[in-house]
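# Fold and geometry: a report
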Amino acid sequence: MSSAPENLLPPWVRLQNTLHALTHLQPACHGEVHPQAVINGVLELGEGSVIKPGTVIEGHVKIGKNCTIGPNAYLRGQVCVGDNCVIGNAVEIKSSVLGNHVFVSHLTYIGDSWLEDDINVGGGCIFSNFRHDAGEIRMLFEGQLTPTGRNKLGCYVGAHCRIGCKCVILPGRVLPPHTHTYPGTVFAGRSQP
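Here is a short report on the structure shown in this document.

Rules and cut-offs
Residues numbered from 1 in each chain as written. Predicted model: local features only at pLDDT ≥ 70, side-chain atom pairs only at ≥ 80, totals over all residues. Heavy atoms only, no water. Core = buried A, V, L, I, M, F, W, Y, C linked by side-chain atoms within 4.5 Å. Buried < 20%, exposed > 50% of the residue type's maximum accessible area, 1.4 Å probe, protein only. Helix = DSSP H or I, 4+ residues; strand = E, 2+ residues; numbered from the N terminus. Contact = heavy atoms within 4.5 Å. Pairing = 2+ DSSP bridges. Phe/Tyr/Trp six-rings, centres within 6.5 Å; stacked < 30°, edge-to-face > 60°. Lys NZ or Arg CZ within 6 Å of the ring centre and 35° of its normal.

Quick look at the nonpolar core now. The biggest cluster of nonpolar side chains holds 34 residues, and the ones touching the most others in it are Ile-63, Leu-75, Ile-87, Leu-115, Phe-127 and Ile-163. Looking at this core, the elements with two or more residues in it are strand E3 (38-45), strand E5 (56-63), strand E7 (74-81), strand E11 (102-106) and strand E14 (119-121). The contacts of Leu-115, once residues within four sequence positions are left out, are Val-97, Leu-98, Gly-99, Val-102, Ile-110, Val-121, Phe-127 and Val-157. Val-42, Trp-114, Ile-137 and Met-139 belong to the second-largest nonpolar core, a separate cluster that totals 15 residues.

Next up on the list: the pairing of E11. For strand E8 (residues 86-89) and E11, the ladder comprises three bridges, and the chain directions are parallel. Directly across from Asn-89, in E11, lies its bridge partner His-106. In the sheet, E11 pairs with E14 via three bridges, with the strands oriented parallel. Bridge pairing in E14 links Phe-103 to Asn-120.

Tallying each qualifying case throughout the model produces one aromatic pair. Where Trp-12 meets Phe-141, the ring centres are 6.1 Å apart and the plane angle is 80°; that geometry is what we call edge-to-face. Of this pair, Trp-12 sits in helix H1 (residues 11-22) while Phe-141 sits in strand E16 (residues 137-141), and the two are 129 residues apart along the sequence. Judged by its relative accessible area of 16%, Phe-141 is buried. One Lys or Arg, Arg-14, reaches over the ring of Trp-114 and ends 4.3 Å from the middle of that ring.

Written out as structure tokens, the structure reads:
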């Protein structure tokens, strides 16, 4: 384990460290959980947050203050959602970290990814986390395409990004802060955070 400050570590190491810390999460509910939501695991829910009907939470999930989750959202594995976020209808979040003011409102999958603050994700997006050949995923870090030791890894999205509807972001990609993608595009570029 590196002794470098957390924000200087590669994104996949930051993700791994944060998700591991969530395995020690203790249940706490300071918001509202609808009786038709299903909680199979450990949930820490912040003040003013609401979990709507049909939502399923499996694993260790931490949700900040003033968030709206669902209806019919699916959060699984270890998931951390910051404050003032929306995870909407038919959105699946798997083993990911979302910062503050992240809006993922419709029909989207985000797997094994890290999203910074102030991000809007258009409807129908896929943040892919697995190569078809099941090979190791590499990610750009400090100007070098670097092996991550993982065959499940999504992307890193910098702050203030806007992701257009029906976009696909391939495994291991990095979107720098302030990136705007056109609707329906496949983001296959390699950039440095």
